[in-house]
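Reading the structure
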Amino acid sequence: MSTPAPTSSQQAGPGAAPSSSSQPIPISPVANIARAASVSRSTSTRRTSASGGVSGGAGVVRRPSRATHPPMVPLKPLTHEEALEALRAFLKERSSYDVFPVSFRLIVLDTQLKVKKALDVMLLYGVVSAPLWNTETAKFAGMFTVQDVIHLIQYYYHTSSWEGAAADVEQIRLQSIRDIEKNIAVPPPPLLSVHPLRPLYDACRFLIRTHARRLPLIDKDPQTDAEVVISVLTQYRVLKFIAMNCRDITQYLTASVQELGIGTYVSAPPDGEAKAKPFYPIATATLQTTVFDVVHMFSEQGISAVPIVDENGKVLNLYETVDVITLVRNGAYQSLDLTIAQALKQRALDFPGVVTCSPKDSLSAVFSLIKIRRVHRLVVVAGQDDPQPGRLVGVISLSDIMRALIGQEVPIGGSGIGAESVDKALREEAAETATPAEGVPFSPGQSADA
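To start, this report covers the structure provided alongside it.

Conventions and cut-offs
Chains are numbered independently. Their residues run from 1 in the order of the written sequence. Local features in this predicted model are restricted to residues of pLDDT 70 or higher, and side-chain atom pairs are both shown and tallied only at a pLDDT of 80 or more, whereas totals for entire chains, interfaces and linings draw on every residue. As a rule here, side-chain values come from all non-hydrogen atoms in the structure, and water together with hydrogens is ignored. Secondary structure elements are defined from DSSP: runs of H or I of at least 4 residues count as helices, runs of E of at least 2 residues count as strands, and each element is numbered from the N terminus. In the analysis that follows, any N or O atom pair within 3.5 Å is treated as a polar contact, provided that within protein one partner can donate a hydrogen and the other can accept it, and provided that, for residues neighboring in sequence, both atoms belong to side chains. The cut-offs for exposure are 20% and 50% of the maximum accessible area for each residue type, with area from a 1.4 Å probe on protein chains only; residues under the lower value are buried, those over the upper are exposed, and the others partly exposed. Pairing between strands is defined by DSSP: at least two bridges between the two strands are required. By convention in these notes, a salt bridge is any Lys or Arg side-chain nitrogen within 4 Å of a carboxyl oxygen on Asp or Glu. Two aromatic rings from Phe, Tyr or Trp, using only the six-membered ring of Trp, form a pair when their centres are within 6.5 Å; if the ring planes differ by under 30 degrees the pair is stacked, by over 60 it is edge-to-face, and anything between is tilted. Charge-over-ring placement is defined geometrically: NZ (Lys) or CZ (Arg) within 6 Å of the ring centre, and within 35 degrees of the ring normal. Here the nonpolar core consists of buried residues drawn from Ala, Val, Leu, Ile, Met, Phe, Trp, Tyr and Cys, with membership extended through side-chain atoms lying within 4.5 Å. When checking whether two residues touch, look at their non-hydrogen atoms; a contact exists if any pair is within 4.5 Å.

**Points about the side chain of His195**
Among the structural elements, His195 can be located in the loop between α5 (177–183) and α6 (200–209). In terms of polar contacts, His195 uses its side chain to reach the backbone amide nitrogen of Leu197, at 3.0 Å.

**Concerning helix α9 (residues 291–301)**
When you tally the buried positions in α9, you get eight out of 11 residues, the bulk of the element. Within the span of α9, buried status applies to Val291, Phe292, Val294, Val295, His296, Met297, Phe298 and Ser299. Where α9 ends, the next residue or the one after it, Gly302, has phi of about 65 degrees, a positive value.

**So, the sheet that holds strand β7 (residues 139–145)**
Strand pairs in the sheet, formed through backbone hydrogen bonds, run parallel or antiparallel to each other. If you trace the three strands from one edge of the open sheet to the other, you get β5-β6-β7, paired in mixed fashion. Of all strands in the sheet, those with a lone pairing partner are β5 (109–110) and β7, marking the two edges. Summarising the sheet, β5 and strand β6 (residues 129–134) pair through two bridges and their orientation is parallel. By the bridge assignment, Leu109 is partnered in β6 with Leu132.

**Thoughts on the pattern of salt bridges**
When the charged atoms of two side chains with opposite charge come close together, those side chains can pair. For the coordinates displayed, the defined rule picks out nine salt bridges. The shortest N-O distance in the salt bridge between Glu85 and Arg88 comes to 2.7 Å. Here Glu85 and its partner Arg88 are both found in helix α1 (residues 80–93), three residues apart, which amounts to about one turn of the helix. The class for Glu85 is partly exposed, based on a relative accessible area of 44%. Exposure remark for Arg88: the relative accessible area of 14% places this residue in the buried category.

**A word on the packing of aromatic side chains**
Enumeration according to the criterion identifies two aromatic pairs in this entry. Ring centres of Phe90 and Phe241 lie 5.5 Å apart, and the angle between their planes is 35 degrees; on these two criteria the pair is classed as tilted. Of this pair, Phe90 sits in helix α1 while Phe241 sits in helix α7 (residues 235–245), and the two are 151 residues apart along the sequence. The same class applies to Phe90 as to Phe241, namely buried. Taken together, a centroid distance of 5.2 Å and an interplanar angle of 35 degrees make the contact between Phe100 and Phe104 tilted. Of the two residues examined, Phe100 and Phe104, each falls in the buried class. Over the aromatic face of Tyr201 sits the side chain of Lys92, whose NZ or CZ is 4.7 Å from the ring centroid. Taking the ring centre of Phe351 as reference, the NZ or CZ of Arg347 above it sits at 3.6 Å.

**Details of the nonpolar core**
Core analysis: the largest hydrophobic core is formed by 60 residues, its most contacted members being Leu233, Phe367, Ile396 and Ile401. In terms of residue count, α6 provides more of this core than any other element does, seven residues in total. Leave out the neighbours within four places in its chain, and Leu233 touches Ser96, Val99, Phe100, Leu200, Ala203, Leu207, Arg214, Leu215, Leu217 and Val238. Within the second largest apolar cluster, 45 residues are counted, among which are Ile184, Ile308, Tyr319 and Val324.

**Considerations on unusual backbone geometry**
Between Tyr280 and the following residue, Pro281, the backbone shows a cis peptide bond with an omega angle of 0 degrees. Looking at the secondary structure, you find Pro281 in the loop between β10 (264–265) and α9. The phi dihedral of Ala138 is positive, around 55 degrees, even though this residue is not glycine. Along the polypeptide, Ala138 turns up in the loop between β6 and β7.

Structure, rendered in structure tokens:
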């Protein structure tokens, strides 16, 4: 079976944007940035237990929030910087809770749950991460993500054998993953969380800096004062929220992604490494690379996808951490010796394809794309006007896009082997800057390193 071709974000021709035209869209002038009054609503969440059952009663949380988010309409055409400032003002005026729809499902995993069972639940509900809950202390205990499973595989590679891995994973509980990750020197599951009423702008800064790339929202039960996990804020949710509500502002983000320095681009490798790293600093693989080797890239560099290229550097496909999880869930550890070409044949038929863009595409066009389809990253390829169209040029993550909005001075948190753990510092910062109305949903002295 041949691998699916990259799904281009726009088929209009050379240099086309990933979605609709990046040219400014005419809008009606108004006296100022207009916004309708907030309307109260009751929002419920359905909290799903680790075993997959839906619990009611105390699990239903209601909070007033905006029923609608009227589009923000600027008075006059904006410069790129003015558009960024308008978006930041929008984020500062909205709470983290405002991002979520009226009804949504929340998956929470108990730390006593076995890893394989946790994977079954996550794949059943189509999620790649879930908050952890310590039943003994009745407290939030961090996040469990597919990256943790990748680190688990890396641990067995260094310390055990694949023959024993299947049996061990049947018994390993989620609470043990933190100790395993310490052994291979990767940041442990973060304990960072914020209150649902925290300004969305603040939450975005934490989202960029935490290596989990997601942020649990935790409130206090007014009757028992116990912690309640409301939901999990992700970068995609925030960017989609902006794309849906701020089109009249994002249309002015007309500078190209490469001009803005958004993403990681192929550059000259260090002396003597040109042959070994032809796409430096981007990790790549070919159809002949083994899944095993790609797993090492995921764990060591803290990345979630690797572009698959041919001998000329043309992007053929993308291999993601979720592809590995399917193999692990089925106990097919020996399948890690498969080549990427063989592994792609086992990929689900509903794989959405590789989302690509050109270095010349505007940030506005990227937001137009996010508005209409789910995007986890963009693979930047040479346009049709290039001597080698489709050649790998770079990769843009959602962290890169969010950082371009919030400010380039905000560092992106690392998650690979040897990455510095900043979770404790972030939690202390979140506690120090919380307002009395928000409350402090965790102890600032609690350490993820303990």
